[in-house]
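These are the residues of each chain, in order.
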Amino acid sequence: MMFHTVRSCWARLVQRALAALALLSLVSVAQAATGAYEAALPDDLGTVRDLCAHVPCHEVFPRAKGFSERMGQPPYVQAYGDAVAGKKQVLGYVMLSTDITDTPAYSGKPVVTLIGMDTLGRYVGVKVLKHSEPILLLGIPESALIKFNNQYLGKSVKDKIEVGPSRPDEGVLGVDAISGATVTVIAQNQVMRLSGAAVARQVGILAPDVRPAARFNTTGQRWSWPELVKMGAVQRLLVKPEQVGLARGNEPFIELWFGDLNQPDLGTSLLGQDGWASLRGQLKEGEHAFFVIRTAGEESFKGSGFVRGGIYDRIQIKQGHDAYTFRDLDYLNLYGLSAQGAPSYNESAIFIVRAKGFSAAYPWKLSFMGNRVDRATGTRSFASFDARYWMPAEMLEGGRPEVTEDEAPWQRVWRTRAVSIGLFVALLVAVTIVYAMRERLTRLSTHKNKWPVNAFKYSAWVLSIVFVGFGVMAQPSITQVLTWFHSVLFQWTWSLFLSDPFIFVFWIFIILTVFLFGRGLFCGWMCPFGSLSEALYKIGGKVGLKRWQRHLPRPVHDRLKWLKYAIFFGLLTVSMFSMGLAEMLAEVEPFKTTFLVGIHNRAWPYGLFVCVLLGVSLFIERPYCKYICPLGAALAMPSTFRWFGLRRKQDCNSCKACAVGCGSLAIDEKGRIDHRECLHCLDCMVLYTDQHGCPPLSKERKRRERDGLLITPIGENGYYIPIAAEPVRMSDKVAQGPDPRWPTDAVTPPYATGTRGLRWAMAEVRDHLWPWSRDGWRHHRALQIAGLSLAIAASVAWLLAATGRLSSGALIGWWFGWSVYEVLIRMGGRRYVKDGPWWRANYRHASWMDMLSYVGFKNLLVGATLFLVLKAMGWLG
């Protein structure tokens, strides 16, 4: 009675906590409207001349009395003080980050930032105008980003600023990161440095880098256009319509070809002897010329708004930290290309770089600058498309010089945290090796002494909680599953995932071990929150709460365990419409509050939710893991196809010893283990070979001792090795009962009977791709016809998407609908799946969850493969 009272009290608390959490989520969404999260900005913000009429420049430069219009390239605004002798006094500069760089943060979108800088290059103000980081809405307060940006105030663009501790010996000035938002702050640091440096170089605060002038190797050789392209002496910059947010079409948005004209052999090959001589006559010492032609696309690289004396604002040269723009005096007509095989073009130019810091011997980039339209919201943002150029080594005396380029942010993270990453990798490898040796450990254990197993398992829990969770904050999350899913389908960016090395490495471990052993190794041994929950349950038993510790009744458990799958599929569906909303709803995970942000840093409903979950964990073993966790549900589905499972013996179909002690309630009344629910505590494996704990073994041991027979070792089948030819003793009921080694009854598909080799492989492929069957046609004809119609519609959807007439989101909707129908069709006629790897011929009867896992995972692989193939062929926008 006491237990039921406690349980109902906890249930009411959980209900209230969830209600409060939902209310807070709604309040947070409402508050976001007044904050910077997805704030509405003017559509013409990137082009309007009077920037400060549209954004609060005074907030980032409070001392200013007025501001100029946009000037320079990339653009900036001058901040004026009081006039002196009738002349405006320049106090500093204001810049909009997206005028200079579109560096994406974790959401894949830039953080739009307004930055103020004085005439000495010191940051005097920073304001975030718009961001798309859901973690800064719910997981972490937006004030954390404001606090992070305020660290730059007083620092100079001349400083070498990095996220992390200062390193005076290396001249590095550190800024503190935001716990749990590593990618966001690394991207923001890059935005601050690039924006400040770009303007500082224009106004003379930073001197341009000086590079040794190129010395050319002249041979008199002439090359054709295809040869120049193959050598890399001519490069291509291609921008597709979908890259700027337009509907995909057959024609590119713009296609440019460009190359150096200073190298004598190269210049003569492209312009001819007379043309190159004429060009050289117009260039002064130290000036550098390169050509650009447009061979496709309707967009102009010169810009339709160009006026005499103005700037070509769509073309820019970048070399190192320096950027070079061009005015009308830096432009010459290109009258033709002499290289054999040169393409026809509809726009051309020769631009001259007059800066002394530029060197043709070093790599540089041609940048085409424009706007990208967000097709979901219609808003425009700055975009820069770059193509790299480095003159071939054979054209330079002594070859190419040694160049040390700036580290990418993710490379810097891996380098600075190399020791911690190495320790983390060692931990994961050690846990995997120990678990792979589980049968040796369980044979050394008994139900009364499990320490050969528990010593390793409990150590893994402690390290998972302390080192992985609170130390390096590498708690995996369902949001990462959603992000990876979207990246595979839409735009894969390695740097995005490499920015957090611990999460990246952890996911490699998770993916490999899920297919090897199922979800249980991660969920049961290495998940920080799961380990914390289990540790509290064990501690509760030791401090006097054991008499109140119970499992939920089996019928209740069998219903509640499906809740986590509903949550996972709900989040996945929502993410297809709004990734931001999905991340908000993913607050059903307590991970951010527990490890990333801390209970004391969050509003009370989040803290209450965590405390309730951990409080319930004192009385019910892993309640969150078994009933709520969407990450566990996502990992459970591929666990259906694990390579290695836990051992079962025939007697397990009637013996209840393991089922009674199973904390995850993953063993059913027939002794079968559901590997989707199993958390790999290994208690059943300990009993499997325990001569005193396993009832069938204990009974056989007593018989042999009574009859004076040899006690032989226990074989892999879980029984004593027979004496001579003595068969294993078991009752008829046990022998004729279900085989508990299989999650469901074994099945032999019609096509698998009597076929081998290539015929079997072809039949296997057809079975995976063709769900209809004769039996299904006889008994579920209407469903079969509906499924056939939907399959045709889904195939047409793929064709429409390939020809650019259907969006990726609509295609995914069709593919999801087809997958649902495929489950129904197969359950009506081909109700079987494989047990373990797909290349083995182990077929068994499929439950609904088996079929959902099989169809969902199979179609995810098929869909992702088709997406990648179509994208690689340029057929899918």
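Keep in mind it's a predicted model, so treat the numbers as computed, not measured. (Residues numbered from 1 in each chain as written. Predicted model: local features only at pLDDT ≥ 70, side-chain atom pairs only at ≥ 80, totals over all residues. Heavy atoms only, no water.)

Digging into the overall build of the chain
Helix and strand counts for the chain stand at 31 helices and 18 strands. Expressed as a percentage of its 877 residues, the buried residues of the chain come to 53%. Of the accessible surface of the chain, which amounts to about 40300 Å², a share of 59% is contributed by carbon and sulfur atoms. (Helix = DSSP H or I, 4+ residues; strand = E, 2+ residues; numbered from the N terminus. Buried < 20%, exposed > 50% of the residue type's maximum accessible area, 1.4 Å probe, protein only. Areas by Shrake-Rupley, 256 points an atom, 1.4 Å probe, with all protein chains shown as cover.)

Here's the deal with the confidence of the model for the chain
If pLDDT is low for a region, its predicted coordinates should not be looked at in detail. Residues with a pLDDT of 70 or more make up 89% of the chain, whose mean pLDDT is 84. Across the chain, the secondary-structure element scoring lowest on mean pLDDT is helix 1 (residues 2-32), at 47, and the one scoring highest is strand 9 (residues 254-260), at 96. Contacts from residues 1-7, a stretch scored under 50 in pLDDT, to residues over four places away or in other chains number six contacts. Here residues 24-33 scores under 50 on pLDDT; set against residues more than four positions off or in separate chains, the count is 11 contacts. (pLDDT = per-residue confidence, 0-100. Contact = heavy atoms within 4.5 Å.)

Considerations on the packing of helix 8 (residues 418-436) against helix 10 (residues 451-471)
In contact at an axis separation of 11 Å, helix 8 and helix 10 are set at 155° when each is read in the N-to-C sense. Considering their axes alone, helix 8 and helix 10 lie roughly antiparallel with respect to each other. The chirality of how helix 8 crosses helix 10 is left-handed. Taking contact as the criterion, the partners of S420, L423, F424, L427, V431 and V434 in helix 8 are, on helix 10, F456, A460, L463, F467 and V468. (Axes fitted to C-alpha atoms, helices over the stretch in contact; angles between N-to-C directions. Parallel < 35°, antiparallel > 145°, perpendicular 65-115°, else oblique. Left-handed = near helix turned anticlockwise from the far one by under 90°.)

Comments concerning the packing of aromatic side chains
Tallied over the full model, the rule gives 40 aromatic pairs. Taking the centre distance of 5.2 Å and the plane angle of 55° together, the rings of F568 and F569 count as tilted. Between W770 and W772, the ring centres sit 4.6 Å apart and the planes meet at 65°, which makes this aromatic pair edge-to-face. According to the relative accessible area criterion, W772 is buried, its value standing at 11%. Lying over the aromatic face of Y688, K649 brings its terminal NZ or CZ to 4.7 Å of the ring centre. Across from the ring centre of Y719, 5.5 Å away, lies the NZ or CZ of K649, which sits over that ring. (Phe/Tyr/Trp six-rings, centres within 6.5 Å; stacked < 30°, edge-to-face > 60°. Lys NZ or Arg CZ within 6 Å of the ring centre and 35° of its normal.)

So, the pattern of salt bridges
Side chains that differ in sign of charge can pair as their charged atoms come close. Evaluation of the coordinates by the stated rule reveals 35 salt bridges. Linking R704 and E700 is a salt bridge whose minimum nitrogen-to-oxygen distance equals 2.9 Å. With a gap of four residues between them, R704 and E700 both fall in helix 25 (residues 695-707), about one helical turn apart. Residue E700 is classed as buried on the basis of its relative accessible area of 15%. (Salt bridge = Lys/Arg side-chain N within 4 Å of Asp/Glu carboxyl O.)

Notes on the sheet that holds strand 10 (residues 288-296)
If you walk across this open sheet you meet the five strands as 8-9-10-14-13, and the pairing is antiparallel. Each end of this open sheet is capped by a strand with a single partner; those strands are strand 8 (234-239) and strand 13 (331-332). Alignment of strand 13 against strand 14 (residues 347-353), held across two bridges, turns out to be antiparallel. From the neighbouring strand, L332 faces strand 14, where its bridge partner is I350. (Pairing = 2+ DSSP bridges.)

Topic: the pairing of strand 4 (residues 112-118)
Along strand 4, seven of the seven residues are buried, which leaves the element largely enclosed by surrounding structure. Burial along strand 4 is two-sided: the residues V112, L114, G116 and D118 and T113, I115 and M117 are all buried. In the sheet, strand 3 (residues 90-96) pairs with strand 4 via five bridges, with the strands oriented antiparallel. Within the sheet, the bridge partner assigned to G92 lies in strand 4 and is D118. Where strand 4 meets strand 5 (residues 123-130), six bridges bridge the pair, whose relative direction is antiparallel. In the sheet register, I115 faces strand 5, and the bridge partner there is V126. Joining the antiparallel neighbours strand 4 and strand 5 is a turn of four residues, in which G121 adopts a positive phi near 90°.

Quick notes on a nonpolar patch on the surface
A cluster of nonpolar residues, F816, V820, Y821, L824 and W848, forms a patch on the protein surface that exposes about 460 Å² of accessible area. Among the residues examined, W848 registers a relative accessible area of 45% and is labelled partly exposed. (Patch = residues over 30% accessible without salt bridge, like charges linked within 9 Å, V, L, I, M, F, W, Y side chains within 5 Å.)

Some thoughts on the sheet that holds strand 2 (residues 77-80)
Ordered by their spatial adjacency, five strands build an open sheet running 1-2-3-4-5, and the pairing between neighbours is antiparallel. With one partner strand each, in any of the chains shown, strand 1 (66-67) and strand 5 form the two edges of the open sheet. Examined bridge by bridge, strand 2 and strand 3 share four bridges and lie antiparallel to one another. Residue pairing for strand 3: Y80 is matched across the bridge by V90. Contacts from helix 4 (residues 182-203) reach strand 3, strand 4 and strand 5 within the one sheet, and its direction differs from that of strand 4 by about 45°.

Topic: the nonpolar core
By size, the foremost hydrophobic cluster in this structure holds 85 residues, and its most contacted members are F506, F522, W525 and M526. By residue number, the principal contributor to this core is helix 13 (residues 501-517), which donates 10 residues. For F506, the residues in contact, after removing those within four places along its chain, are F424, L428, V468, A474, P476, F522 and M526. In this structure, Y312, Y324, A360 and A383 belong to the second largest nonpolar core, which totals 56 residues. (Core = buried A, V, L, I, M, F, W, Y, C linked by side-chain atoms within 4.5 Å.)

What to know about helix 4
Count 3.6 residues to each turn of an α-helix, and residues three or four apart come out pointing the same way. With 22 residues, helix 4 extends 32 Å between its outermost C-alpha atoms, agreeing within 8% with the 32 Å of an ideal straight helix rising 1.5 Å per residue. Most of helix 4 sits inside the fold, with 16 of its 22 residues counted as buried. Positive phi shows up at G204, right after helix 4, with a value of about 90°. (Expected span 1.5 Å × (residues − 1).)

A few points about the pairing of strand 2
Alternating positions in strand 2 separate into two faces, V77 and A79 on one and Q78 and Y80 on the other, with burial throughout. Two elements, strand 1 and strand 2, share two bridges in a ladder whose sense is antiparallel. In the strand pairing of strand 2, F67 is matched with A79.

Looking at unusual backbone geometry
Trans peptide bonds make up the majority, and among non-glycine residues the majority have a negative phi. The phi dihedral of M473 is positive, around 50°, even though this residue is not glycine. With respect to the helices, strands and loops of the structure, M473 is situated in the loop between helix 10 and helix 11 (478-489). Since its relative accessible area comes to 24%, M473 is described here as partly exposed. Its identity as a non-glycine residue notwithstanding, L682 has a phi of 75°, on the positive side. Tracing the backbone shows L682 in the loop between helix 23 (657-661) and helix 24 (683-688).

A few points about the state of the cysteines
Counted according to the given criterion, the structure contains one disulfide. A sulfur-sulfur distance of 2.1 Å marks the disulfide that ties C52 to C57. Disulfide C52 to C57: torsion about the S-S bond roughly -85°, handedness left-handed. Residue class for C52 comes out buried when judged on its relative accessible area of 18%. Look at C57 and you get buried, because its relative accessible area is 1%. Lacking any disulfide linkage, C658 is separated from the closest cysteine sulfur, that of C684, by 5.4 Å. (Disulfide = S-S within 2.5 Å.)

Concerning the side chain of T689
For T689, the location among the structural elements is in the loop between helix 24 and helix 25. T689 sits in the buried class, given a relative accessible area of 11%. Contact partners of T689, with chain neighbours within four places excluded, come to T442, R443, L697 and I714.

As for helix 6 (residues 264-282)
End to end, helix 6 covers just 15 Å across 19 residues, shorter than the expected 27 Å (1.5 Å per residue, more than 12% under). If you look at helix 6, its biggest bend is around 115°, right at G272. If you check which residues of helix 6 are buried, you get P264, D265, L266, G267, T268, S269, L270, L271, G272, W276 and L279. One side-chain oxygen of the residue at the start of helix 6 lies 2.8 Å from the amide nitrogen of D265, identifying that residue as Q263. (Bend = angle between axes of the 7 residues up to and from the residue. Polar contact = N/O pair within 3.5 Å; in protein donor to acceptor, adjacent residues only side chain to side chain.)

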